[in-house]
Amino acid sequence: MKISIFGLGYVGAVSAGCLASDGHEVIGVDPNRTKVDLINQGVTPIIEKDIGEMIAATVKSGLLRATVDVRDAVLGSDMSLICVGTPSQLNGNLDLSHVRKVCEQIGAAIKDKDAFHVVVARSTMLPGSMSNLVIPTLEAASGKKAGVDFGVCNNPEFLREGTAVYDYYHPPKTVIGESDERAGALLVELYAKMEAPLVRTNVETAEMVKYTDNTWHAVKVAFANEIGNICKAVGIDGHKVMEIFCQDTKLNLSSYYMKPGFAFGGSCLPKDVRALTYKARSLDLDLPLLNSILPSNQKQVDKGLKMIMDKGARKVGILGFSFKAGTDDLRESPLVDVIEHLLGKGYELKLYDKNVNLAALTGANQDYILNHIPHISKLMVDSMEEVLAFAETIVVGNGAAEFKALPGLLKPGQSVVDLVRISTEQSGGQYDGICW
Ligand SMILES: NC(=O)c1ccc[n+]([C@@H]2O[C@H](COP(=O)([O-])OP(=O)(O)OC[C@H]3O[C@@H](n4cnc5c(N)ncnc54)[C@H](O)[C@@H]3O)[C@@H](O)[C@H]2O)c1
């Protein structure tokens, strides 16, 4: 394929060297003439393992060249990759001025091109940047329609400096956000030989995946450092702890617990986070990440409560109020917190949870209900139907399988606040998901 690459920094230079080494005809574009001259002399503009040899070889074989001439690059290629910088502004906001400029330039060249051209944004940009800036700028400059006259994709780059060439060939995944099927299909061809999982999605999801990834990586570093700081203060080897922690790929390093939804609760997580952060405070350790966990969890409880109250109805039914499906444990269930707030504000409630059946409860849970939350036990009913016959707002509090039928059972005027995603429906009409 013939590919033009805009921006010959880390991402652009690595992409240029790798794509040309794969046999594609590559034209690099950068307003920095020094970088352009270096490439044309077969010299890498960046320091990165293996890239020097790749650029030297591909320039020599005629597969790679560079230019400052945008029109030459767009007319001479089937696809343009945008790899320009997206730095921070002083206030932390993203500076998209280079992206805007390059889109104006590419768009002006597309205006004079008859063949279908695909523009692929590889620069990291916040969700909405494609729809609010990249696509309108390209359309305005070209006088053509994205998805019809030319294609647009968002294809985040996951390489790490220092191992960039290796990462280019061994990405954790390839994510293609596409404006139309045709544009996505052309980009898929570029990655045909990669063994990584390939995901095709819409451009906004692709944009958000990149930020989710990098924020998660940042959280991992901060988490490991804070655990290490506690370990050092109590004379434990933090590296040994994290080594053992990382061996658990069922609960620790896995997709478990990674679904947006309601607050955590139960007899362990809140208690144990509280104890560890108290211990850290007693050691005079300042651990902002660990200290933010319980307040963040409380914010999710507050958000759920506000959603329920914003529905404006006084009769509320709760389906599932143990802290997760398949248990009768109510200790520190965030739903119990919600229920108590609603009661305090004078709402009428009926609650149903198959697993929380007073007659069948024993031990700690029976004691908890009878002695700590007796007012709640009086609101419990025996079936989902009883809740549906009574409530104007129905809250789904855990993911018990029987609640999946709910959307089909609603009467006019009833609304659902789903805290666990029983339905993949997006919010709208009678249905409202807490964070989807
Ligand atoms: N560096 C990384 O490890 C990495 C990894 C993944 C994603 N990213 C993202 O990729 C993007 C590029 O990062 P980078 O580190 O390669 O940036 P960089 O600053 O090293 O390079 C950007 C290049 O773009 C050029 N440029 C500016 N305006 C241009 C224009 N109108 N036309 C053509 N070229 C233009 C600049 O001269 C510069 O050479 C950023 O959004 C970054 O967040 C970077």
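Taking an unreviewed UniProt entry as the reference, the protein chain is identified by name as UDP-glucose 6-dehydrogenase belonging to Rugamonas rubra. In the Sequence similarities (unreviewed entry) part of its UniProt record, the protein chain is described as follows: "Belongs to the UDP-glucose/GDP-mannose dehydrogenase family."

J.: What should I look at first to understand the overall build of the protein chain in this one?
T.: In terms of regular secondary structure, the protein chain is built from 18 helices and 13 strands. With the C-alpha coordinates aligned to their principal axes, the bounding extent of the protein chain is approximately 80 × 60 × 40 Å. Within the protein chain, the proportion of its 436 residues that are buried is 45%. A separation of at least 24 residues holds for 68% of the contacts in the protein chain among residues at least 6 apart in sequence. Approximately 21,600 Å² of the protein chain is accessible, and the part contributed by carbon and sulfur atoms is 55%. Side chains of the protein chain carry 44 positive and 52 negative charges; the gap between the two charge centres is 1 Å.

J.: Before we go on, may I ask you to explain the UniProt feature "active site" (unreviewed entry) in the protein chain in this structure?
T.: Within the UniProt annotation, "active site" (unreviewed entry) is assigned to Cys 268. Of note, Cys 268 is situated in the loop between helix H10 (238–247) and helix H11 (269–282).

J.: Mind showing me how you'd approach the site of the ligand here?
T.: In the neighbourhood of the ligand, 22 residues make up the surrounding shell, with Val 11, Asp 30, Lys 35, Thr 86 and Glu 161 lying closest. The side chain of Gln 105 places a nitrogen or oxygen atom 3.2 Å from a nitrogen atom of the ligand. Protein burial of the ligand: of its 840 Å² of free accessible surface, 78% is covered by the chains. Mapped by element, the contributors of at least two residues to the shell around the ligand are helix H1 (10–21) and helix H5 (97–111). For the shell around the ligand, the element with the most residues is H5, which contributes three residues.

J.: Even after reading the chapter, I still don't get a nonpolar patch on the surface, so can you show me in this structure?
T.: Taken together, the side chains of Leu 251, Tyr 256, Tyr 257 and Leu 269 make up a nonpolar region of the molecular surface, amounting to roughly 420 Å² of accessible area. Of note, Tyr 257 is situated in the loop between H10 and H11. On the basis of relative accessible area, Tyr 257 is assigned to the exposed category, the value being 57%.

J.: I keep staring at the UniProt feature "binding site: NAD(+)" (unreviewed entry) in the protein chain and nothing clicks. Help me out?
T.: Look at the UniProt record and you will see "binding site: NAD(+)" (unreviewed entry) annotated at Asp 30, Lys 35, Thr 86, Thr 124, Glu 161, Lys 271 and Arg 331. Judged by maximum C-alpha separation, these annotated positions cover 302 residues in sequence and are scattered in space, the widest gap reaching 62.6 Å. One can find Lys 35 in helix H2 (residues 33–40). Filtering out sequence-adjacent residues up to four positions away, Lys 35 remains in contact with Leu 8, Gly 9, Asp 30 and Pro 45. Note that Arg 331 resides in the loop between strand S9 (315–319) and helix H14 (334–344). With near-sequence residues (within four places) excluded, Arg 331 lies in contact with Gly 266, Ser 267, Asn 365 and Tyr 368.

J.: Would you take a moment to explain the pairing of strand S8 (residues 198–201) for this structure?
T.: Note on strand geometry: in a regular strand, side chains alternate between the two faces of the sheet. By the bridge criterion, four bridges tie strand S7 (residues 174–178) to S8 in an arrangement that is parallel. Note that in S8 the partner of Val 175 across the bridge is Val 199.

J.: What is the right way to look at the side chain of Asp 213 in this model?
T.: Here Asp 213 lies in helix H9 (residues 203–233). Residues in contact with Asp 213, not counting those within four places in the same chain, are Phe 158 and Lys 173.

J.: Would you take a moment to explain the domain arrangement of the protein chain for this structure?
T.: Frequently, the measure chosen for interface size is the accessible area that the parts lose on association. Taken domain by domain, the protein chain holds domain 1 (2–201) and domain 2 (296–433). The gap between the C-alpha centroids of domain 1 and domain 2 is 49 Å.

J.: Explain the sheet that holds strand S11 (residues 393–396) here, please?
T.: Pairing between the strands of a sheet comes from backbone hydrogen bonds, and it takes one of two forms, parallel or antiparallel. Strand order in the open sheet formed by five strands is S10-S9-S11-S12-S13, and the pairing between neighbours is parallel. Edge positions in the open sheet fall to strand S10 (348–352) and strand S13 (431–433), since each of these has one partner strand only. Between one strand axis and the next, the sheet turns by 20 degrees as a mean value, whatever way the strands run. Bridge count between S11 and strand S12 (residues 415–418): four bridges; the pairing is parallel. Paired with Thr 393 across the strands is Ser 415, a residue of S12.

J.: Whenever I open this one, helix H6 (residues 129–142) confuses me. Can you help?
T.: Because the α-helix completes a turn every 3.6 residues, residues three or four places apart line up on one side. Given a rise of 1.5 Å per residue, 14 residues ought to cover 20 Å, and the 18 Å separating the end C-alpha atoms of H6 matches this to within 8%. Maximal helix bending in H6 amounts to about 25 degrees, located at Ile 135; proline Pro 136 follows within four positions. Taken together, the buried positions of H6 are Ser 129, Met 130, Leu 133, Val 134, Ile 135, Thr 137, Leu 138, Ala 141 and Ser 142. On the buried face of H6, the contacting elements are H5, strand S5 (118–121), strand S6 (151–154) and H9. Downstream of H6 by a residue or two, Gly 143 has a phi angle that is positive, lying close to 70 degrees.

The rules behind these values
- Residues numbered from 1 in each chain as written.
- Predicted model: local features only at pLDDT ≥ 70, side-chain atom pairs only at ≥ 80, totals over all residues.
- Heavy atoms only, no water.
- UniProt positions renumbered as here; feature names shortened; annotations may be inferred.
- Helix = DSSP H or I, 4+ residues; strand = E, 2+ residues; numbered from the N terminus.
- Buried < 20%, exposed > 50% of the residue type's maximum accessible area, 1.4 Å probe, protein only.
- Contact = heavy atoms within 4.5 Å.
- Areas by Shrake-Rupley, 256 points an atom, 1.4 Å probe, with all protein chains shown as cover.
- Lys, Arg positive; Asp, Glu negative; His and termini not counted.
- Charge placed at Lys NZ, Arg CZ, Asp CG, Glu CD.
- Near = heavy atom within 4 Å.
- Polar contact = N/O pair within 3.5 Å; in protein donor to acceptor, adjacent residues only side chain to side chain.
- Patch = residues over 30% accessible without salt bridge, like charges linked within 9 Å, V, L, I, M, F, W, Y side chains within 5 Å.
- Salt bridge = Lys/Arg side-chain N within 4 Å of Asp/Glu carboxyl O.
- Pairing = 2+ DSSP bridges.
- Domains from an automatic or database assignment.
- Axes fitted to C-alpha atoms, helices over the stretch in contact; angles between N-to-C directions.
- Expected span 1.5 Å × (residues − 1).
- Bend = angle between axes of the 7 residues up to and from the residue.

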